Amino acid sequence: MKAPIRVAITGAAGNIGYALLFRLAAGDCYGPDQPIILQLVEIPPAMKALDGVCMELADCAFPLLHGIETADNPADGFKGANQIFMVGARPRSKGMERADLIQANGPIFVAQGKAIESAAADDVRAVVVGNPCNTNALICAKNAPGVPEGRITAMTRLDQNRAVSQVATKAGALASDVERMVVWGNHSPTMFADYFHATVKGQAVTSAVDEGWLQNDFLPLVGKRGAAIIEARGASSAASAASAAIDHMSTWWHGTKEGQWTSMAVPSHGQYGAPEGVMFSFAVTVSGGEYQIVDGIEHSDFAKEKLAATGDELANEREVVKDLLG
Ligand code: NAD
Ligand code: LMR
C-alpha cells in the first residue's frame, strides 16, 4: 500500500461536495491502491453540516480513507495538501450568467491563493470549480506567485463530457467511442466545443454526424447546458460536476493515454491567439503530473472566430477583477 496523499476540498458540505467526497474516498480518482486523507474546508456557518458529512464518511468504512480533517479556513485546511478541489463558492440561480458571480465569489480566491502558497505541499495541484472558474483560478494563481505556474487550473472537463455525450448519442455510439473532443476557452456560453478534430469510432465527427446539427444545435446545447440543468432541477449541476472534477484530477494524476487529448483551463501564453495571462481551456496531454498544450492544431476560420470571442470574454473578466490579482 502506498503512503496516503492529502486531498483538500473547499465547499465540502455543499451539493458538489456531497457528490465528490464519497467517490474520492472510494478510490475513484487516485486508484484502488492510493490511500487518502481528506481535508474538508467550509465556512463557519456550515461546520455543523460538515460534521454530519464526516459522520457519513466514517460510516462507509472506506478502506482507502486514512483520515478526515476539517477546517473553517483555507490556511488550516490546505496544510500539506497535495491535491486541492476548490469548489466552495456561490452557485448561480435562474436567469444569471456565471460571470454575474464574479463580485460574490472572486474575493474567496484571494485568500485561498495565499493559503495554497503558504500551506500546501510542494507538489500541490489544484482545480477551481467554483464559478466563474477560469477567472477565479486566475485570481487564485495571481495570489500564489510562489507556486509554480500551471499548478492552479480551472475545470472545463464537464463541458468536454457534455460534448462527448451529445455526439455519442447523435452518432448512435458510446461515450468511450468519442476521442479528441476538446473544449476551448471559457467555461461560459462562449466556449468552443471543437467537433472538427474529434472522432467517433475512429471516423471524423464531421462526417459521422450532420454538420448543420453540430454548428446550430450542438454548440449552443453544450454551451448552455448548465443553464438548462438549473432550469430543470432548480439547482446547478452537482453530481456531473463532481464526476468531471474527478476526471480532471484523475487525468492529471494518471496521465492521458497515447494519442488522447483532454481539456484543461491553464495559463495562456498566447497559444492559438488566446490572450496572454488568462486561464484558457486548451487541448492538452498529460504525463508525469505535467500537462502540455497540444501544438500545431489547425483551426478553420469559423473556429478561429469562436476562439477569439471566448478569449475576449476572458480578457474582459480579467479587467473586472484587476483589483484582486495580487
Ligand atoms: P452549494 O451552494 O451547494 O455549495 C457551496 C458550498 O461552498 C457551501 O457549503 C458553502 O458553505 C461553501 N463555501 C462558500 N464559500 C466558501 C469559502 N470561502 N470557503 C469554503 N467553502 C465555502 O454550491 P454547489 O452546487 O456545490 O456549487 C459550488 C460552485 O461550483 C458554484 O460556484 C457553482 O457555480 C460551481 N460549479 C462549477 C461547475 C464547473 O463546471 N466549473 C459545475 C457546477 C458548479
Ligand atoms: C455548469 O456548467 O453546470 C455549472 O457551471 C453551473 C452553472 O452555473 O452553469
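Residues numbered from 1 in each chain as written. Chains lettered and ligands numbered in written order. Predicted model: local features only at pLDDT ≥ 70, side-chain atom pairs only at ≥ 80, totals over all residues. Heavy atoms only, no water.

## Some points on the site of ligand 2
Here is step 1: In the neighbourhood of ligand 2, the contacting residues comprise Arg92, Arg98, Asn131, Leu158, Arg162, His187, Gly226, Ile230, Ser236 and Ser237.
Here is step 2: At 2.5 Å, a side-chain N or O of Arg92 approaches an oxygen atom of ligand 2.
Here is step 3: Contact between ligand 2 and Arg162: an oxygen atom at 2.7 Å from a side-chain N or O atom of the residue.
Here is step 4: Protein contacts shield 94% of the accessible area of ligand 2, which totals 260 Å² for the unbound molecule.
Here is step 5: Of all elements in the fold, only α7 (157-171) and α10 (225-233) reach the threshold of two or more residues within the shell around ligand 2.
Here is step 6: Taken together, the residues that form the shell around ligand 2 break down as 2 nonpolar, 5 polar and 3 charged.
Here is step 7: A domain split of the shell around ligand 2 shows at least three residues from each of domain 1 (5-154) and domain 2 (157-320). (Near = heavy atom within 4 Å. Polar contact = N/O pair within 3.5 Å; in protein donor to acceptor, adjacent residues only side chain to side chain. Areas by Shrake-Rupley, 256 points an atom, 1.4 Å probe, with all protein chains shown as cover. Helix = DSSP H or I, 4+ residues; strand = E, 2+ residues; numbered from the N terminus. Nonpolar A, V, L, I, M, F, W, Y, C, P; charged D, E, K, R; others polar. Domains from an automatic or database assignment.)

## Brief notes about the packing of α7 against helix α11 (residues 239-254)
Here is step 1: Where α7 contacts α11, the two axes come as close as 8 Å, and the packing angle between them is 105°. Classed by the angle they form, the pair α7 and α11 counts as roughly perpendicular. For the pair α7 and α11, contact is made by Arg157, Leu158 and Asn161 and by Ser240, Ala241, Ala244, Asp247, His248 and Thr251, respectively. (Axes fitted to C-alpha atoms, helices over the stretch in contact; angles between N-to-C directions. Parallel < 35°, antiparallel > 145°, perpendicular 65-115°, else oblique. Contact = heavy atoms within 4.5 Å.)

## Focus: helix α6 (residues 133-142)
Here is step 1: Across the 10 residues that make up α6, a large majority, 8, are buried.
Here is step 2: Residues Cys133, Asn134, Thr135, Asn136, Ala137, Leu138, Ile139 and Cys140 constitute the buried set of α6. (Buried < 20%, exposed > 50% of the residue type's maximum accessible area, 1.4 Å probe, protein only.)

## Overview of the nonpolar core
Here is step 1: In terms of nonpolar packing, the biggest core is built from 76 residues, with Ile9, Leu24, Leu38, Leu57, Phe85 and Phe218 touching the most fellow members.
Here is step 2: With 7 residues, α11 is the largest single contributor of residues to this core.
Here is step 3: Both of domain 1 (5-154) and domain 2 (157-320) provide at least three residues apiece to this core.
Here is step 4: Here Phe218 is in contact with Ala163, Gln166, Val167, Met181, Ala193, Tyr195 and Trp213, once residues within four sequence places are set aside.
Here is step 5: With 29 residues, the next largest nonpolar core counts Ala8, Val41, Ile102 and Ala154 among its residues. (Core = buried A, V, L, I, M, F, W, Y, C linked by side-chain atoms within 4.5 Å.)

## What to know about the side chain of Thr135
Here is step 1: In this fold, Thr135 is placed in helix α6.
Here is step 2: The class for Thr135 is buried, based on a relative accessible area of 3%.
Here is step 3: Dropping the residues within four chain positions of it, Thr135 is found in contact with Leu314, Glu317 and Val321.

## Some words on the state of the cysteines
Here is step 1: On inspection of all chains with the given rule, the structure shows 0 disulfides.
Here is step 2: In this structure Cys29 is a free cysteine whose sulfur lies 17 Å from that of Cys133, the closest cysteine sulfur available.
Here is step 3: With a relative accessible area of 1%, Cys29 lands in the buried category.
Here is step 4: Cys140 takes part in no disulfide bond, and the closest cysteine sulfur, belonging to Cys133, lies 12 Å away.
Here is step 5: For Cys140, a relative accessible area of 0% corresponds to the buried category. (Disulfide = S-S within 2.5 Å.)

## Remarks on the sheet that holds strand β7 (residues 178-179)
Here is step 1: The strand order across the open sheet formed by 3 strands is β7-β10-β11, and the pairing between neighbours is antiparallel. Two strands in the sheet have a free side with no partner beyond their single neighbour: β7 and β11 (203-204).
Here is step 2: With 2 bridges connecting them, strand β10 (residues 199-200) and β11 associate as antiparallel partners. In the sheet register, Thr199 faces β11, and the bridge partner there is Ala204. (Pairing = 2+ DSSP bridges.)

## Brief notes about the domain arrangement of the protein
Here is step 1: Per the domain assignment, the segments making up the protein are domain 1 (5-154) and domain 2 (157-320).
Here is step 2: Taking only C-alpha atoms into account, the centre of domain 1 sits 23 Å from that of domain 2.
Here is step 3: On the domain 2 side, the residues contacting the 42 residues of domain 1 number 44 residues.
Here is step 4: At the boundary of domain 1 with domain 2, the tally comes to 1 salt bridge. (Salt bridge = Lys/Arg side-chain N within 4 Å of Asp/Glu carboxyl O.)

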